[in-house]
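Chain residues, written in single-letter form:
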Amino acid sequence: MVRELTHFIGGRHVSGASGNFGDVYDPSAGHVQARVPLASAAEVEAVVANAAEAQREWASFNPQRRARVLMKFVSLVQDEMDSLAALLSSEHGKTIPDAKGDIQRGLEVVEFATGIPHLLKGEYTESAGTGIDVYSMRQPLGVVAGITPFNFPAMIPLWKAGPALACGNAFVLKPSERDPSVPLRLAELFLEAGLPAGVFNVVNGDKVAVDALLTDPRIKAVGFVGSTPIAQYIYETATAHGKRAQCFGGAKNHAIVMPDADLDDVADQLIGAGYGSAGERCMAISVAVPVGEETADRLRAKLIERVNKLNVGRSDDPGADFGPLVGRDGVDRVNSYVQIGVDEGAELVIDGRGVTVDGAEDGFFAGATLFDNVTSEMRIYREEIFGPVLSIVRAKDYEEALRLPNEHEFGNGVAIFTRDGDTARDFAARVEVGMVGINVPIPVPIAYHTFGGWKRSGFGDLNQHGPDSIRFYTKTKTVTQRWPKGLKESNAFVIPTMD
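The rules behind the values
- Per chain, the residues get numbers from 1 upward, laid out in the order the sequence is written.
- Only residues with pLDDT of at least 70 are given local features in this predicted model, and only at 80 or more are side-chain atom pairs given and counted; all residues enter the totals for whole chains, interfaces and linings.
- Excluding hydrogens and water, the side-chain values take into account all heavy atoms of the structure.
- One requirement defines pairing of two strands: DSSP has to find at least two bridges between them.
- Only DSSP runs of H or I reaching four residues or more are called helices, and only runs of E reaching two or more are called strands; each is numbered from the N terminus.
- The angle between two axes is taken between their N-to-C directions and runs from 0 to 180 degrees, where each axis is a line fitted to C-alpha atoms and a helix contributes only its stretch in contact.
- Residue contacts are defined here by distance: any two heavy atoms, one from each residue, within 4.5 Å place the two residues in contact.
- Only the six-membered ring of Trp is used, alongside the rings of Phe and Tyr, when aromatic pairs are assigned; centres must lie within 6.5 Å, and planes under 30 degrees apart are stacked while those over 60 apart are edge-to-face, with the rest tilted.
- The classification of residues rests on relative accessible area computed with a 1.4 Å probe and restricted to protein chains. Under 20% of the type maximum is buried, over 50% is exposed, and intermediate values are partly exposed.
- A helix is expected to span 1.5 Å for every residue after the first.
- Here the bend at a residue means the angle between the axes of two seven-residue stretches, the one that ends at it and the one that starts at it.
- Here roughly perpendicular refers to angles of 65 to 115 degrees, roughly parallel to angles under 35, roughly antiparallel to angles over 145, and oblique to all remaining angles.
- Asp, Glu, Lys and Arg are counted as charged, while Ala, Val, Leu, Ile, Met, Phe, Trp, Tyr, Cys and Pro are counted as nonpolar; the rest, among them Gly, fall into the polar class.
- Boundaries of every domain are those given by an automatic assignment or by a domain database.
- Using a 1.4 Å probe, buried area is obtained as the accessible area two parts lose upon being combined, added over both of them.
- The salt bridge definition used is simple: a Lys or Arg side-chain nitrogen within 4 Å of an Asp or Glu carboxyl oxygen.

**So, the sheet that holds strand β19 (residues 413-417)**
Right, so step 1: The strand order β15-β16-β17-β14-β13-β19-β20 describes an open sheet built from seven strands, whose pairing is mixed. At either margin of the open sheet sits one strand with a lone partner, and together these are β15 (347-350) and β20 (435-438). Between one strand axis and the next, the sheet turns by 20° as a mean value, whatever way the strands run.
Right, so step 2: Sheet topology note: the strand β16 (residues 369-372)/strand β17 (residues 389-392) ladder contains three bridges and is parallel. By the bridge assignment for β17, F371 is matched with S391.
Right, so step 3: The strands touched by helix α11 (residues 293-307) are β13 (253-257), β14 (285-290), β15, β16 and β17; relative to β15, the strand with the most contacts, the crossing angle is about 45°.
Right, so step 4: Together, β15, β16 and β17 form the strand contacts of helix α12 (residues 328-344), whose direction differs from that of β16 by roughly 20°.

**Quick notes on the packing of aromatic side chains**
Describing an aromatic ring pair means giving the distance of the ring centres and the angle of the ring planes.
Right, so step 1: Tallying each qualifying case throughout the model produces 10 aromatic pairs.
Right, so step 2: Measuring from centroid to centroid gives 3.7 Å for F73 and F190, while their planes differ by 5°, and the two rings are stacked. Of this pair, F73 sits in helix α2 (residues 63-79) while F190 sits in helix α7 (residues 181-192), placing them 117 residues apart in sequence. For the pair F73 and F190, one class covers both residues: buried.

**A closer look at the environment of D316**
Right, so step 1: With respect to the helices and strands, the residue D316 is situated in the loop between α11 and α12.
Right, so step 2: Spatially, the C-alpha atom of D316 lies 9.5 Å from that of P97, the residues being 219 residues apart in sequence.
Right, so step 3: The residues touching D316, leaving out its near neighbours within four places in the chain, are S89 and I96.

**Focus on helix α1 (residues 41-60)**
Two residues of an α-helix separated by three or four positions point the same way, owing to the 3.6 residues in each turn.
Right, so step 1: Across its 20 residues, α1 extends 29 Å between first and last C-alpha, which sits within 8% of the 28 Å expected from 1.5 Å per residue.
Right, so step 2: Largest kink in α1: about 30°, centred on A54.
Right, so step 3: Residues E43, V44, V47, V48, A51, A54, Q55 and W58 constitute the buried set of α1.

**Thoughts on the packing of helix α4 (residues 96-113) against helix α6 (residues 155-166)**
Right, so step 1: With their axes 8 Å apart at the nearest point, α4 and α6 run at an angle of 10° to one another. Relative to α6, α4 is oriented roughly parallel. Mapping the contact onto sequence places D102, I103, R105, G106, L107, V109, V110 and A113 in α4 and M155, L158, W159, G162, P163 and A166 in α6.
Right, so step 2: Considering only residue class, the contact of α4 with α6 consists of 10 nonpolar, two polar and two charged.

**Some remarks on the domain arrangement of the protein**
Right, so step 1: By domain assignment, the protein separates into domain 1 (3-249 + 457-481) and domain 2 (253-438).
Right, so step 2: Taken together, the contact pairs 20 residues of domain 1 with 25 residues of domain 2.
Right, so step 3: Across the interface of domain 1 and domain 2, roughly 1,800 Å² is buried in total on both sides, 52% from carbon and sulfur atoms.
Right, so step 4: For D329, the salt bridge is made with R178, and the minimal N-O distance between the two is 2.4 Å.
Right, so step 5: For the side of domain 1 that touches domain 2, the secondary structure elements donating two or more residues are β4 (21-26), α3 (81-92) and α4.
Right, so step 6: Among the elements that line the side of domain 1 that touches domain 2, the one with the most residues is α3, at three residues.
Right, so step 7: A breakdown of the residues in the side of domain 1 that touches domain 2 according to their chemical character gives six nonpolar, nine polar and five charged.

**Digging into the sheet that holds strand β7 (residues 132-140)**
Right, so step 1: Strand order in the open sheet formed by three strands is β6-β7-β23, with antiparallel pairing between adjacent strands. Two strands in the sheet have a free side with no partner beyond their single neighbour: β6 (124-129) and β23 (474-482). Within the sheet, the average angular offset between the axes of one strand and its neighbour, ignoring direction, is 30°.
Right, so step 2: Two elements, β7 and β23, share nine bridges in a ladder whose sense is antiparallel. Across the sheet, D133 pairs through a bridge with Q481, a residue of β23.

Structural data, given as structure tokens:
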């Protein structure tokens, strides 16, 4: 039976009124399991109006009271971890352990945001001038929006919503129409935790809904994660309409492997970083750069051994290393890139095309693909594939290896594997990428540091979570105050100076 999903507006589920729907698939089975309504511009306008009304009450809560709501929310999500992970897995296709990681990494940012009483503290200068004190305070923007991707249906919405709500804003979430059920359940749990109705809303939709959010003057800030062309479009459209925007796009993350690295450990790390979650991660390692031919040959042999042991299966199969892609279009995209790599002259070491899973023959599966002798001119190197494809690009020395990520148009994440501290330190200082791992393959910062890429991986001045998120979701007000001793001693016609 195909379920019909809803929006979540003003603290309740609301059926779609546009008459337009999208299909939500079970990626392991390959069939439609639900229909999701796609909102009209009028429906989005109603959501924003509701949020603007609710935000005034929420902003009046003191920071400690808002933090308690977030604490309760974290507890409720933890209690439902198993059911939420199963729901997420059934719509996205990632394995249950991976789905739990998706949720947990989102919760960690909400936990960070529970420190909002401290994070909102401003600055104070006593006696900046004679009898004059100056102080600043951070206040909420009002209504803000998050437009989030299919690959992390819990983590990215919580990365956006946690800090935004803690700062006293109302939040409108436009999740991916591919896997919207977890965001809808999170909305219910926010309400159960004590968030006033209308402060957190979920409106499902496509470009019509996105454009309505980008042009509504009541939306003061927009956060986005997705592909680079759409990130750039959202950033330019949002800023053109006077909004703050933080938009994160594509990636081509390199792992530099020095000759002194522990290659068994490196191979193990690359398998998880390259093929985990079927490669549908903006922080996945898709390019391995061994330095020197001997290093490359040894690493290649170890990777072949491990890739051949990988088990692709249903998302609910406890023995699966990774599950299906989210849709048939993803499989087609990966297969087309594999063929492009072959046509361009890359060596196809392991071909992941045509993988089937017993009992799930219609599922959206792609096996692990390994290329060697890839060059920087090839499309499979330059473009984001977003699937289980790992390319080996051989570098003759360290300087050549460093140039590869520095000259690439994307600058999301990068890693180096080495036992030499001087090399690692030099690499961290000189590499032109936003997030760097040293013997860490997926350098996603912990919640109280900031997440963000450089170059065409990120648009905007402020990043996700950490202190940047508080700056992004608040506006600073600076007050200069003076309390005259008496009217007879004041001169109201003279501008106060800092004498």
